[in-house]
Amino acid sequence: MELAGKTVLVTGSTRGIGLAIAQAFSAAGARLIVHGRHAPKPALLATFPTDTTVLVGDIADDKVIAPAIKQLYESGQKIDILVNNAGIIHDKLAMGMKPIEFAQVVDTNLNGTFNVTQPIFKKMLRQRSGAIINMASVVGQMGNMGQANYAASKAGIIGLTKSLAKEGALRGIRVNAIAPGMIDSDMTAQLSAKVKEQALATIPLARFGQASEIAQTALFLAENDYITGQTITVDGGLYI
């Protein structure tokens, strides 16, 4: 897919990996719809092109996000590419995790991805074109202590990706996922120095990845018209 002139919606794009993805698509000539749970600060918005659209709302709340997406289409928007990046973590060992702590992560990461995707997927089916890129994680592939909720949500995203890829293929819609490893981001910034050191020791490339490297992968998946139903792992060799 040629990105110039296409419109891309990136959820959770006011910081971190989502912001890097939005910036990469903009540099490639795409028109942006940036999203956040809250409206982006004017200083951040000023860094985007003047024709950038802002979508605000909690993706976990279908009663909020569905009308917001509907309003986008009613205003004349056409979404060619959807990048489902928004997500949260709430790490705790399963034995001490409260049901609400499990549910909140799954509600945002998995249910929220579906809440955003479904109305846009319906439009893509009608227009017979589109690309969807979901943010999974190596934790969804391998599991991790203290992240039962996060792992379950990201494993679900991989299954969702494969199912939607099968449903969309006959209408020319491609659906793929990216599974990042340890990436320099707001999430990894919360880790202690000891945990970071232990993590680095397990990565063959001996460094954390950069948000820009995840953005490069998103661009590749948007541009390549013969890839669908795949999960691309970007982890520095963590799980070779």
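Residues numbered from 1 in each chain as written. Predicted model: local features only at pLDDT ≥ 70, side-chain atom pairs only at ≥ 80, totals over all residues. Heavy atoms only, no water.

With that out of the way, let us pick up a nonpolar patch on the surface. A cluster of nonpolar side chains, namely Leu45, Val54 and Val56, defines an oily patch on the protein surface of about 180 Å² accessible area. Structurally, Leu45 is set in helix H2 (residues 42-45). Of the residues examined, Leu45 reaches a relative accessible area of 31% and is grouped as partly exposed. (Patch = residues over 30% accessible without salt bridge, like charges linked within 9 Å, V, L, I, M, F, W, Y side chains within 5 Å. Areas by Shrake-Rupley, 256 points an atom, 1.4 Å probe, with all protein chains shown as cover. Salt bridge = Lys/Arg side-chain N within 4 Å of Asp/Glu carboxyl O. Helix = DSSP H or I, 4+ residues; strand = E, 2+ residues; numbered from the N terminus. Buried < 20%, exposed > 50% of the residue type's maximum accessible area, 1.4 Å probe, protein only.)

Within the open sheet, the seven strands sit side by side as S3-S2-S1-S4-S5-S6-S7. Their pairing is parallel. Two strands bound the open sheet, and with one partner strand each, they are strand S3 (53-56) and strand S7 (231-234). Neighbour-to-neighbour, the strand axes of this sheet turn through a mean angle of 20 degrees, independent of strand direction. Across three bridges, the pairing between strand S1 (residues 7-10) and strand S4 (residues 81-84) is parallel. Looking at the pairing, Leu9 lines up with Leu82 of S4. Of the strands in this sheet, S1, S4, strand S5 (130-135) and strand S6 (173-180) are in contact with helix H4 (residues 99-127), which crosses S4 at around 170 degrees. (Pairing = 2+ DSSP bridges. Axes fitted to C-alpha atoms, helices over the stretch in contact; angles between N-to-C directions. Contact = heavy atoms within 4.5 Å.)

The backbone of Arg128 sits at a positive phi, close to 55 degrees, despite the residue not being glycine. Among the structural elements, Arg128 can be located in the loop between H4 and S5. The backbone of Ala206 shows a phi angle near 60 degrees, a positive value even though the residue is not glycine.

Under the UniProt annotation, the feature "domain: Ketoreductase" (unreviewed entry) is placed at residues 6-186. Along residues 6-186 one finds 47% helix and 18% strand; the C-alpha atoms at either end are 29 Å apart. (UniProt positions renumbered as here; feature names shortened; annotations may be inferred.)

On the secondary structure map, Asn109 appears in helix H4. For Asn109, a relative accessible area of 0% gives the class buried. Side-chain polar atoms of Asn109 contact the backbone nitrogen of Ile88, separated by 2.8 Å. Among residues more than four places away in sequence, those in contact with Asn109 are Ala86, Gly87, Ile88, Tyr150, Ser153, Lys154 and Ile157. (Polar contact = N/O pair within 3.5 Å; in protein donor to acceptor, adjacent residues only side chain to side chain.)

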